[in-house]
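# Close look at the chain arrangement
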Amino acid sequence: MVRLESTTVASLQVVKGHHAGIVFPLYDRQILIGRLRSSDLPLEDGSVSRLHARLFSRDGCVFIEDLGSRWGTLVNGTPVSGHQRLDPDDLIQVGSVVLRFQP
C-alpha cells in the first residue's frame, strides 16, 4: 500500500504510446486523464477518451477510476471497476497508452 503525505509527489511515466518516456508528476489532489487539452494529464491519442480516468488520493493512498471511457481503464491488464488502489510499478492502460505508477 502506498501512502502519500500532502507534500509527497508521485508520478506516472509513459512506457508505451505517443509520449513514451515522459514523466508526469502527481500531486496530492485529483488528476483527470484524457484527450482534452484541459485534462490534468492530457494524452494526444485517438484511443483515449476525452475524459478517460481519474486519479485521487484518500487516506494517503492513490486510487484510479474509469470515467465511463469507451475502452475502459486497465491496471496490470485487469479492467478497473469502481475505484482501485494503486501500488508501486502498477501498469495503467488508457486506450493504447501505458503508464507506470511510481510513488
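Placed above this text is the structure.
Note that the coordinates shown come from a computational prediction; the quantities given were computed from them, not determined experimentally.

### Side note on the sheet that holds strand β11 (residues 97-102)
Across the sheet, which stays open at both edges, the six strands sit in the order β2-β1-β11-β10-β7-β8 with antiparallel pairing between neighbours. Single-partner strands in this sheet number two, and they are β2 (23-26) and β8 (78-79). Bridge count between strand β10 (residues 91-94) and β11: four bridges; the pairing is antiparallel. By the bridge assignment for β11, V94 is matched with V97.

### Considerations on the packing of aromatic side chains
Taken as a whole and assessed by the stated rule, the structure comprises one aromatic pair. Ring plane angle 15° and centroid distance 5.5 Å describe the contact between F56 and F63, whose orientation is recorded as stacked. Accessibility classification places F56 together with F63 in one group, the buried group. Stacked on the ring of F63, the Lys or Arg R58 has its end atom at 5.7 Å from the ring centre.

### Comments concerning the environment of P79
Residue position: P79 is located in strand β8. Taking the C-alpha atoms as reference points, P79 and Q93, separated by 14 residues in sequence, lie 9.2 Å from one another.

### A short note on the pairing of β10
Burial along β10 is one-sided: I92 and V94 are buried, while L91 and Q93, pointing the other way, are not. Between β10 and the antiparallel strand that follows it, β11, lie two residues; G95 among them carries a positive phi value of about 60°.

### Things to note about the pairing of β2
Because side chains alternate across β2, one face comprises the buried residues F24 and L26, and the other comprises V23 and P25, none of which is buried. As defined by bridge partners, strand β1 (residues 10-16) adjoins β2 across four bridges and the pair is classed as antiparallel. Following the sheet pairing, L12 is matched in β2 by F24. Between β1 and the antiparallel strand that follows it, β2, lie six residues; G17 among them carries a positive phi value of about 130°.

### Here we look at the nonpolar core
Counting residues in hydrophobic clusters, the biggest one holds 22 residues, and the most contacted among them are L12, L55, I92 and V94. For this core, the secondary-structure elements that each account for two or more residues are β1, β2, β3 (31-34), β5 (53-58), β6 (61-66), β10 and β11. Look past the residues within four positions of V94 in its chain and what remains in contact with it is I33, L43, V48, H52, A53, T73 and L99.

### Description of the side chain of S49
Relative to the helices and strands, S49 is located in the loop between β4 (41-42) and β5. Looking at S49, the relative accessible area reads 14%, which means it is buried. Among the polar contacts made by the side chain of S49, one reaches the main-chain amide nitrogen of R70 at a distance of 3.2 Å.

How each quantity is defined
Residues numbered from 1 in each chain as written. Predicted model: local features only at pLDDT ≥ 70, side-chain atom pairs only at ≥ 80, totals over all residues. Heavy atoms only, no water. Pairing = 2+ DSSP bridges. Helix = DSSP H or I, 4+ residues; strand = E, 2+ residues; numbered from the N terminus. Phe/Tyr/Trp six-rings, centres within 6.5 Å; stacked < 30°, edge-to-face > 60°. Buried < 20%, exposed > 50% of the residue type's maximum accessible area, 1.4 Å probe, protein only. Lys NZ or Arg CZ within 6 Å of the ring centre and 35° of its normal. Core = buried A, V, L, I, M, F, W, Y, C linked by side-chain atoms within 4.5 Å. Contact = heavy atoms within 4.5 Å. Polar contact = N/O pair within 3.5 Å; in protein donor to acceptor, adjacent residues only side chain to side chain.

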